[in-house]
Amino acid sequence: MKAENLCALLSVVVPVYNIVSYIDRCVESIVEQTYENLEIILVDDGSTDESGMKCDLWAQRDARVRVIHKQNGGLVSARQAGVAAATGEYLAHVDGDDWIERETYAEMMALASSCDADIVTMGLTRDYAGHSVVNRETFEPGIYRGEKLNIFWSQMIDDKRFFHSKLNHHITTKIFKTELVRDYQMRLSTDARIGEDIAVVYPCLLAANCVVVSGLEYYHYTIRPGSIMDTEADEKSSLKAVEKALNEAACKYAAKIPNIKRQFEMLLLYTCLFSIPKEIIKCNGNEIFPFKSLKKGDRILLYGAGRFGKALYQYIAESNACEIIAWTDKSKVEGITPVEKALEREYDKIVIAVLLADVAEEIRAELLSRGVDAYKIVQL
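All values derive from a computational prediction rather than experimental measurement.

(A) View of the environment of Tyr184. Tracing the backbone shows Tyr184 in helix 6 (residues 178–187). Once the C-alpha coordinates of Tyr184 and Asp118 are considered, the two residues, 66 residues apart in sequence, prove to be 14 Å apart. Those residues in contact with Tyr184 that sit more than four places away from it in its chain are Val200, Pro203, Cys204, Ala207, Lys252 and Tyr253.

Set out below in structure tokens:
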């Protein structure tokens, strides 16, 4: 990269909708970045609280801040408005209820400038009420171009175990060359409300000539109640839009990356199981899909009380496909049997109703340590 681009303008797009309790923390974390050559675009997506007013106050305090007020159209629509207005060579996204650490863009832009990268990516920190969990990417930090990039593309999603992604799918944990991300962001249907990140991130990764994995985890993703409020109808429409974007990318790059269609099939199955699980779970002959060794009539302990676990419990209870001896999880909530109590009962199988491979394998290791026979454990 030329010397004059070492401090290239970075546009930061922040969609804002009814997050009055979070927006100041978010914007403050951006304006206080040690990397100062920023264009901060706050997109007020028709907020009905005081979020829009707070955005205007930030524009008065810092000349780098611009505010777009628009009718409510959803996250994709807000991002598109910001991307269309961006003038920087590079572009980043921050969701308005999240925040970033002070050195985030200085370190990421330094990596980008060192090799003229199209994308720089990092892990993230999930902030729950009272504790945080660091989610690192498992690709080795470094520069991926040429043959290394071909290997990178073929290994983004592990197509031999469900579900394990070596690279997080969040658009907010990456900086992109604006000319690269703008095309894919602007063509995405505003119907996309679940999986909207993957519909942009993966096509961008496949179109990139150079990707840098930073090894950083500076993005703080806030886990808060009510942050996802989509109806099932929205989710079905969303998945069609996301599937279209991924299928177009898979067809374009299938010759170069032979397993890309399989990777995207797993990604879409994961997204469906997360967003509309009761539409996916079903009996295939004597088996309960998507599990390969869960049979009709089995007496089971169901381990997992998340969204997928709840959907599986509901399906089995309504269909009588299996007999649920106990429903267990580490969470101490009503109706959930503690793990040690559940294991005292007579059962045929323990079904791990968890979508992420790493978490499921932790549960499997825990069960094995408690003396459970390996052949009795069923997981995706």
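Now that the structure has been shown, the text picks up again.
(B) Inspection of the confidence of the model for the chain at higher detail. Predicted confidence across the chain gives a mean pLDDT of 91, with 96% of residues reaching 70 or more. The low-confidence segment residues 1–5 (pLDDT under 50) makes 6 contacts with residues lying over four places distant or belonging to another chain. For the stretch residues 226–233, pLDDT sits under 50, and the model shows 7 contacts to residues farther than four places along the chain or on other chains.

(C) Region of interest: helix 6. Every buried residue belonging to helix 6 is among Thr178, Leu180, Val181, Tyr184 and Gln185, and all of these are buried. Viewed end-on, helix 6 has its buried residues packed into an arc of 155 degrees, placing them on one side of the element.

(D) Summary view of the pattern of salt bridges. Within the structure shown, the criterion is met by 18 salt bridges. A salt bridge links Asp24 to Lys54, with the shortest nitrogen-to-oxygen separation between them at 2.8 Å. You can see Asp24 sitting in helix 1 (residues 23–31) and its partner Lys54 sitting in helix 2 (residues 51–61), a full 30 residues away along the chain. Residue Arg187 is joined to Asp183 by a salt bridge in which the shortest nitrogen-to-oxygen separation is 2.6 Å. On the criterion of helical spacing, the pair formed by Arg187 and Asp183 is a turn pair, its members being 4 residues apart in helix 6.

Cut-offs used in this document
The residue numbers shown here count from 1 along each chain, following its written sequence. At least 70 in pLDDT is required for a residue's local features to be given in this predicted model, at least 80 for side-chain atom pairs to be given and counted, and no such filter applies to totals for whole chains, interfaces and linings, which use all residues. Remark: hydrogens and water are excluded; side-chain values derive from all non-hydrogen atoms of the structure. Helical segments are the DSSP runs of H or I of at least four residues, strand segments are the runs of E of at least two, and each set is numbered from the N terminus. Here, residues are in contact when the closest pair of their heavy atoms is within 4.5 Å. A score from 0 to 100, pLDDT tells how confident the predictor is in each residue. Using a 1.4 Å probe on the protein chains alone, a residue whose accessible area is under 20% of its type maximum counts as buried, one over 50% counts as exposed, and one in between counts as partly exposed. The arc under discussion is defined with respect to the helix axis, by the directions toward the C-beta atoms. Salt bridge, as used here, is a side-chain nitrogen of Lys or Arg placed within 4 Å of a carboxyl oxygen of Asp or Glu.

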